[in-house]
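Coordinates in review
So you can see what is in the structure, the chains are spelled out below.
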Amino acid sequence: MKVRTRFAPSPTGLLHIGGARTALFNYLFAKHHGGEFVLRIEDTDKARSTQEAVQVILDGLDWLDLKADEAPVFQSSREARHVEVAMALLAQGKAYRCYCTPEELAQMRETAMAEKRPPRYDGRWRDRDPSEAPAGVKPAIRLKAPREGEVVLNDLVQGEVRVKNAEMDDMIILRSDGTPTYLHAVVVDDHDMAITHVIRGDDHLTNTFRQIQIYDAMGWETPAFAHIPLIHGADGAKLSKRHGAVSILEFREQGFLPEALCNYLLRLGWGHGDAEFLGRDEQIALFTLEGVGRAASRMDYAKLTHLNGMWLRQAEDARLRDDVVERLAKADITVGTAAMQRILALMPGLKERAKTLEELSNSSAFLAREIPLPFEPKAEALLSLEAREMLARLAGLLEGTDFTAEAIDAALRAFAEAEGRKLGQVAQPLRAALTGSTMSPGIDATLIALGKAEALARIRAVAA
Ligand code: GLU
């Protein structure tokens, strides 16, 4: 049997990291078993589903490189099939029409509340003759669920969980307006899409028992279930906007690499020894559901940022350059061909010092700026009159120096000695003149990346 998993988000909110991790686990599980991963957009709640949310799901999965093996299925397009299955259950006597009015249902709820019982439908139409149906009331269709026995779920993460059938009422599968309920639609779709493993957030655990009742009524084999714990904020509370439970695409904007985010989300609540830095191939090779813990995990931005820095240092320079150019353009800094080359040339040094692409772009900006550079206050402070006079003399020397690391290094040392200064006392004002800041990769690498003409022009622009 081919393993098939699915990610089934509802486009009622923007895909966030919890959803992304569910998608990742489904993807890795399928690939680990040489199977298939598919996407189903559960857009049956027409009032709350938005096109924007659908787009974030598609773009987010694309960005994270969690590609589905088939075109996405939109649940709303399968309504006729959901109705068909409900009718089949009705025809087999496994479901029945319920003519309860909203008032009757409200009454049942109130009585239950007064008696401190969970609100439950009392099954009053379960065995009633349809000829007693009141005129003008459109019926809902309810599953004729077993009343004895229990549903036993052997969850691949939660272990064995049992619920007595007596604790569940006859759920509605088709509403009186003819639309399928969510619980029913999911079962029909998972069955038709030949899903073998349902991996989803543990907030769906209680739904599962009811869904198993539908599988049983249809005589369908149930898939395996794995309910994974949710991600909480650093304070242990359910993830909310306050914790940055924002669209997954905001992580892209903030400068996280998709492979770093996937790596982080995998390590969050899934363990494999001490392995921390894992690429996609290793993730696929190592991923099993046994490694998923049962406790909720906590989102830790510091850890994510640290991991991102590690991935950044591994990333190809040209890719980082392209990303930086895009970010600079968004900040209204146009990057010409010369600046592109400078950024690429200095990338090995730049990426050592950045933890996010946003930081990388900020630290690259000076390479694309034009004279006169903007100066940070600390850099400005380094450019005293004395320092400017020194820079004037240094410019003369660099004019005749080859722009290689060795030649520059030798020239700067000789210059510092002749001036009776420490090397740092030369390099600091020089860095300020070249970059407008007090931080940059090595001074020789920075000079070389700028090129002699641009470097001299920058020095002379501040030299006295
Ligand atoms: N559509 C549900 C959600 O977004 C998931 C349903 C499922 O995985 O079965 O929470």
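Residues numbered from 1 in each chain as written. Predicted model: local features only at pLDDT ≥ 70, side-chain atom pairs only at ≥ 80, totals over all residues. Heavy atoms only, no water.

Around the ligand, the surrounding shell consists of R6, A8, P9, S10, E42, Y182, V186, R200 and H204. With respect to the ligand, the side chain of S10 contributes an N or O atom lying 2.8 Å from a nitrogen atom. Contact between the ligand and E42: a nitrogen atom at 2.6 Å from a side-chain N or O atom of the residue. Residues of the shell around the ligand, tallied by class, amount to four nonpolar, two polar and three charged. (Near = heavy atom within 4 Å. Polar contact = N/O pair within 3.5 Å; in protein donor to acceptor, adjacent residues only side chain to side chain. Nonpolar A, V, L, I, M, F, W, Y, C, P; charged D, E, K, R; others polar.)

Here we take up the nonpolar core. With 96 residues, the main nonpolar core has F25, I248, F251, L265, F287, L391 and L430 as its most contacted residues. For this core, the element with the most residues is helix 1 (residues 17-32), which contributes nine residues. Residue contacts for L265: discarding those within four places in its chain leaves I17, A20, R21, L24, F25 and I231. Ranked by size, the runner-up nonpolar core spans 32 residues in total, among them L89, V187, V188 and I195. (Core = buried A, V, L, I, M, F, W, Y, C linked by side-chain atoms within 4.5 Å. Buried < 20%, exposed > 50% of the residue type's maximum accessible area, 1.4 Å probe, protein only. Helix = DSSP H or I, 4+ residues; strand = E, 2+ residues; numbered from the N terminus. Contact = heavy atoms within 4.5 Å.)

Before going further, it helps to examine the packing of aromatic side chains. Inspection of the entire model under this criterion finds seven aromatic pairs. Ring centres 5.9 Å apart and planes at 10° place the aromatic pair F251 and Y301 in the stacked group. Placement of the pair is F251 in helix 7 (residues 248-253) and Y301 in helix 10 (residues 301-314), with a sequence separation of 50 residues. With a relative accessible area of 1%, F251 lands in the buried category. Under the relative-accessibility criterion, Y301 is labelled partly exposed at 28%. Lying across the ring of W125, R128 places its NZ or CZ 3.9 Å from the centre. The ring of Y121 is capped by R142, whose NZ or CZ atom sits 3.5 Å from the centre of that ring. (Phe/Tyr/Trp six-rings, centres within 6.5 Å; stacked < 30°, edge-to-face > 60°. Lys NZ or Arg CZ within 6 Å of the ring centre and 35° of its normal.)

Quick look at the pairing of strand 6 (residues 150-155) now. Alternating residues of strand 6 divide into V151, L153 and D155, all buried, and E150, V152 and N154, none buried. Direction of pairing for strand 6 relative to strand 7 (residues 159-164): antiparallel, over a ladder of six bridges. Within strand 7, the residue paired with V151 across the bridge is V163. Count of turn residues in the strand 6/strand 7 antiparallel hairpin: three residues. (Pairing = 2+ DSSP bridges.)

With that settled, the discussion passes to unusual backbone geometry. In the segment running from I371 into P372, the intervening peptide bond is cis, with an omega of 0°. Tracing the chain through its elements places P372 in the loop between helix 13 (357-368) and helix 14 (377-382). A positive phi angle is found at K116, which is not glycine, with a value near 55°. Tracing the backbone shows K116 in the loop between helix 4 (102-114) and strand 5 (140-143). In this model, A194 sits at a positive phi of 55°, which is unusual for a non-glycine residue. For A194, the position within the fold is in the loop between helix 5 (182-192) and strand 9 (197-201).

Here we come to the sheet that holds strand 5. Spatially, three strands are ordered 4-5-8 in an open sheet, and the strand pairing comes out antiparallel. Each end of this open sheet is capped by a strand with a single partner; those strands are strand 4 (95-98) and strand 8 (172-174). Strand-to-strand twist in this sheet, taken as the mean axis angle between neighbours without regard to direction, amounts to 45°. For strand 5 and strand 8, the ladder comprises two bridges, and the chain directions are antiparallel. When the sheet's bridge partners are listed, R142 is paired in strand 8 with I172. Packing against the sheet, helix 3 (residues 79-91) makes contact with strand 4, strand 5 and strand 8, and its axis sits at approximately 120° to strand 8. (Axes fitted to C-alpha atoms, helices over the stretch in contact; angles between N-to-C directions.)

The next thing to look at is the pattern of salt bridges. Following the criterion strictly, the structure yields 36 salt bridges and no others. A salt bridge links R40 to D190, with the nearest nitrogen and oxygen atoms 2.7 Å apart. Placement of the pair is R40 in strand 2 (residues 36-41) and D190 in helix 5, with a sequence separation of 150 residues. Both residues of the pair, R40 and D190, count as buried. Among the salt bridges present, the one from E84 reaches R81, with a minimum N-O distance of 2.5 Å. Here the residue E84 and the residue R81 both occupy positions in helix 3, the gap between them amounting to three residues, near one helical turn. By relative accessible area, E84 is classed as partly exposed at 47%. Each of R6, R40, E42, R78, R81, E84, D189, D190 and D192 takes part in salt bridges that share partners, so that together they form one network. (Salt bridge = Lys/Arg side-chain N within 4 Å of Asp/Glu carboxyl O.)

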